Amino acid sequence: MQSISGIIYLILAACLLPYVFTMIAKKAGGFKAKDNQNPRDFLEQSTGVAKRAHAVQQNSFESLPLFIAAVLMAEYLVMPQSLIMTFGIGYLIFRVLYGICYLANWATLRSIMWLLSMLCPIALLLLIIKLI
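Note that the structure is a prediction, hence the values are computed from the model and not measured.

A. Just the overall build of the protein chain, in detail. For the protein chain, the helix and strand inventory stands at five helices and zero strands. From first element to last, N terminus to C terminus, the protein chain shows the α and β order α-α-α-α-α. Along the first, second and third principal axes, the C-alpha set of the protein chain runs to 50 × 35 × 20 Å. Across the protein chain, contacts joining residues at least 24 apart in sequence account for 73% of those joining residues at least 6 apart.

Structure representation (structure tokens):
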């Protein structure tokens, strides 16, 4: 039971990460309570850091299915816990760095962080293929 808790925390952290960037987007864009009638419209019309934070949020949600599937499949197929945690933590670290690079408008470094973050669940899936 102890081993599965790390996996649950990884998935929880990955699922909550997009909301961190949502809050950054709203704060940077000057979001007010009155804007809560149409928060998606507000975020779509934002500019600068707010717009970039919104893009990070959207991309973070887009990458979640691959990450969750890879982690759950690896756990189901009883891959070594240390391997799952290494790739899972790597994914989270690269996603945070991706977000920071996006906010700072460092396009090339952002793309590298995106690639590295995506390679973590892809590597897990490739290891699963080798296992079965």
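B. Local environment of the UniProt feature "transmembrane region" (unreviewed entry) in the protein chain. Taken from the UniProt record, the annotation "transmembrane region" (unreviewed entry) applies to residues 6–25, 83–105 and 111–129. Secondary structure within residues 111–129 divides into 100% helix and 0% strand; the distance between the first and last C-alpha atoms comes to 27 Å.

C. Helix α5 (residues 107–131), seen in detail. Under the 1.5 Å per step criterion, the end-to-end length of α5 is 36 Å for 25 residues, consistent within 8% with the ideal 36 Å. Here the buried face of α5 lies against α3 (48–76) and α4 (81–104).

D. Summary view of the packing of α3 against α4. As a packed pair, α3 and α4 sit with axes 9 Å apart at the nearest point and diverge in direction by 170°. Between α3 and α4, the interaxial angle falls into the category roughly antiparallel. In terms of residue class, the contact of α3 with α4 is built from 13 nonpolar, six polar and three charged.

E. Spatial organisation of α3. Between its first and last C-alpha, α3 extends 42 Å over 29 residues, near the 42 Å set by a 1.5 Å rise per residue. The sharpest bend along α3 reaches about 35° and sits at Leu-64, with the proline Pro-65 one to four residues further on. With its phi angle positive at about 55°, Val-78 sits one or two positions after the end of α3.

F. View of the confidence of the model for the protein chain. In this model, the protein chain carries an average pLDDT of 92, and 95% of its residues clear a pLDDT of 70 or more. No element of the protein chain has a lower mean pLDDT than helix α2 (residues 39–44), at 83, and none a higher one than α4, at 97.

G. Region of the structure containing the environment of Val-56. Counting through the fold element by element, Val-56 comes out in helix α3. Look past the residues within four positions of Val-56 in its chain and what remains in contact with it is Phe-21, Arg-95, Tyr-98, Gly-99 and Tyr-102.

H. How the structure looks around the side chain of Ser-63. Summarising the element assignment, Ser-63 is placed in helix α3. With a relative accessible area of 3%, Ser-63 lands in the buried category. Those residues in contact with Ser-63, other than ones at most four positions away along the chain, are Tyr-91, Arg-95 and Met-118.

I. Geometry of the side chain of Asn-59. Relative to the helices and strands, Asn-59 is located in helix α3. Excluding residues within four positions of it along the chain, Asn-59 makes contact with Arg-95, Tyr-98 and Trp-114.

J. A look at unusual backbone geometry. Its identity is not glycine, yet Val-78 carries a phi of approximately 55°, on the positive side. Mapped onto the elements of the fold, Val-78 is located in the loop between α3 and α4. For Val-78, a relative accessible area of 68% gives the class exposed. Look at Asn-105: it is not a glycine, yet its phi comes out positive at around 65°. Here Asn-105 is to be found in the loop between α4 and α5. Judged by relative accessible area, which is 49%, Asn-105 ranks as partly exposed.

What counts and what doesn't
Residues numbered from 1 in each chain as written. Predicted model: local features only at pLDDT ≥ 70, side-chain atom pairs only at ≥ 80, totals over all residues. Heavy atoms only, no water. Helix = DSSP H or I, 4+ residues; strand = E, 2+ residues; numbered from the N terminus. Contact = heavy atoms within 4.5 Å. UniProt positions renumbered as here; feature names shortened; annotations may be inferred. Expected span 1.5 Å × (residues − 1). Axes fitted to C-alpha atoms, helices over the stretch in contact; angles between N-to-C directions. Parallel < 35°, antiparallel > 145°, perpendicular 65-115°, else oblique. Nonpolar A, V, L, I, M, F, W, Y, C, P; charged D, E, K, R; others polar. Bend = angle between axes of the 7 residues up to and from the residue. pLDDT = per-residue confidence, 0-100. Buried < 20%, exposed > 50% of the residue type's maximum accessible area, 1.4 Å probe, protein only.

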